[in-house]
Structure formats: structure tokens, C-alpha cells
Amino acid sequence: MKVLLPLAALCAALAAASAVCPSSEWHAFEGKCYWRSPFHLEWRSIASVCAWAFPGSTPVSVHSLTVNSFLAEHVLKYDNGWLGLRRAGTDQPWYWADGTPFDWSHWKEGQPAAEGELCGLINRGSTGEWRATDCVEGYTRFICQMDELPEPTTTEAMTTEATTTEAPTTQAPTTTEAPTTTEPPTTTTKPPTTTVPM
């Protein structure tokens, strides 16, 4: 009994831990889930594909070095990919596709550089640094992000595990007994006894 309770708690914790992102293709980090596309697209298509991958997800926005490093190393595995980063013109400010403020950057030295470079890439040169490029120049992988899904509480996890669907019980049909027939009484007649005088 002492072993079963910690084991049940461990199972519930593992079930909850695996339930924070939509699937094993998503990577959880600091309250977000990240998905790397297995195919290449131009920048303008990534928002609709993110919404398709999981409703509510958006192209990735990066607000810290720790998240940037996680994306570069663990999600992209040092491949390059589109960020959800864009600007309307060379002289315009950068903005994130998810609407969060552009409050942190990790540009490679000399970037953003040329006219017409309106979208951002991560890992150009496999270092986690960013590079500005033409949004339609090439096709590359991209990252989608979403908030982690709510974790089920331990009670919910245990209730889910303990609940089973029972088949309805059926009783054998009761049969009414056939009426018993009574046979007519049998009578035995004794032959008459005769007394013989002596």
C-alpha cells in the first residue's frame, strides 16, 4: 500500500507533464510550446500554417537569450528558420506577428543591413543570431508557438485513471415454470378376501 500511493502520484505527474503541449512534436519551455515545421515555406504563409498546426498558435516571437538559445539548439537543432519578425519597410520598426512588443533582439553583426530585408531569420550561420532577409526570397523552416495547455490537476488525473466503463449487467431471464400436471390418483384394488371356514 505504501508503494502504490507514490507510484500513483508519479503516474499522475508524468501524465500531467506530457499533457502541456499538443503532441510530442512540440517542445515545452518557460510556459510556451514550440513546433518546428518539417517543411520549408516563404514568410507570408507561416501564420496560416501555425494556426493549422494547432489553433491558437502563432509564428514565434523571442524575448530573451534563454528562449533564443533553446530555439536555436533544441527546436531547430542549428538549422535556420523564420521568426515571426517583420517590418513594413526598411525605415519602419520591427514587430512580432503575435502582437507582443519588440523588446529584445539578437542580430548578427551588421544586421539588419540591406534595402528590402523585411523579415527575420534565426540561426543564419548556425549561431542563434538573427539575420534580416527578403520575405519572399527563399523558403525555409519556421517555428510556431503557443501557450502551454492547462495541466490536469492530480485529482483529475487520478479520477480519469480510476474511471472505467462497466458493461451493463444482464440477468438471466426468469422463466415461469410450467404448471405441473397432476396425474390422476392411482387406486389399487385388493382382491376381495374370502374367508374359508375351517
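Caption draft 1: A look at the environment of L85. Tracing the chain through its elements places L85 in strand β4 (residues 81-86). Note: C-alpha distance between L85 and V62 (23 residues apart in sequence) is 9.1 Å. Residues contacting L85, with those up to four places away along its chain left out, are W43, W94, Y95, W96, F102, W107, L118, C119, G120 and W130.

Caption draft 2: View of unusual backbone geometry. Cis geometry marks the peptide bond from Q111 to P112; its omega dihedral reads -15 degrees. Position of P112 among the secondary structure elements: in the loop between β5 (95-96) and β6 (119-122). Positive phi is not limited to glycine here, since E30 has a value of about 50 degrees. Tracing the backbone through its elements, the reader meets E30 in the loop between β1 (26-29) and β2 (32-36). Look at Y78: it is not a glycine, yet its phi comes out positive at around 70 degrees.

Caption draft 3: Seen up close, the pattern of salt bridges. All chains considered together, the criterion is met by four salt bridges. E42 serves as the salt-bridge partner of R44, at 2.3 Å between the closest nitrogen and oxygen. Overall, the relative accessible area of 62% leaves R44 in the exposed class. By relative accessible area, which is 9% here, E42 ends up buried.

Caption draft 4: Looking closely at the state of the cysteines. Applying the stated criterion across every chain yields a total of three disulfides. Paired through a disulfide, C50 and C144 show a sulfur-sulfur distance of 2.0 Å. Its S-S torsion of approximately -85 degrees makes the covalent link between C50 and C144 left-handed. In this pair, C50 is assigned in helix α2 (residues 46-53) and C144 in strand β8 (residues 141-147), connecting sequence segments 94 residues apart. Of the two residues, C50 and C144, neither departs from the other in class, the shared state being buried. For C119, the disulfide goes to C135, at an S-S distance of 1.8 Å. What sets the handedness of the C119 and C135 disulfide is the S-S torsion sign, and at about 95 degrees it is right-handed. With C119 in strand β6 and C135 in the loop between β7 (130-133) and β8, this residue pair connects regions lying 16 residues apart in the sequence. In this pair, the class of C119 matches that of C135, namely buried. With cysteine numbering restricted to those in disulfides and following the sequence, the protein chain has the pairing 1-2, 3-6, 4-5.

Caption draft 5: Examining helix α3 (residues 65-75) more closely. Those residues of α3 that sit buried are V67, N68, F70, L71, A72 and V75. Elements that come into contact with the buried residues of α3 comprise β1, β2, β6, β7 and β8.

Caption draft 6: Up close: α2. Within the span of α2, buried status applies to I46, V49 and C50. Viewed end-on, α2 has its buried residues packed into an arc of 105 degrees, placing them on one side of the element. Looking at α2, the residues exposed on the side facing more than 90 degrees away from the buried face are S48 and W52. At its buried positions, α2 is contacted by β3 (58-59), β4 and β8.

Reading the values: rules and limits
- Residues numbered from 1 in each chain as written.
- Predicted model: local features only at pLDDT ≥ 70, side-chain atom pairs only at ≥ 80, totals over all residues.
- Heavy atoms only, no water.
- Helix = DSSP H or I, 4+ residues; strand = E, 2+ residues; numbered from the N terminus.
- Contact = heavy atoms within 4.5 Å.
- Salt bridge = Lys/Arg side-chain N within 4 Å of Asp/Glu carboxyl O.
- Buried < 20%, exposed > 50% of the residue type's maximum accessible area, 1.4 Å probe, protein only.
- Disulfide = S-S within 2.5 Å.
- Arc of directions from axis to C-beta.

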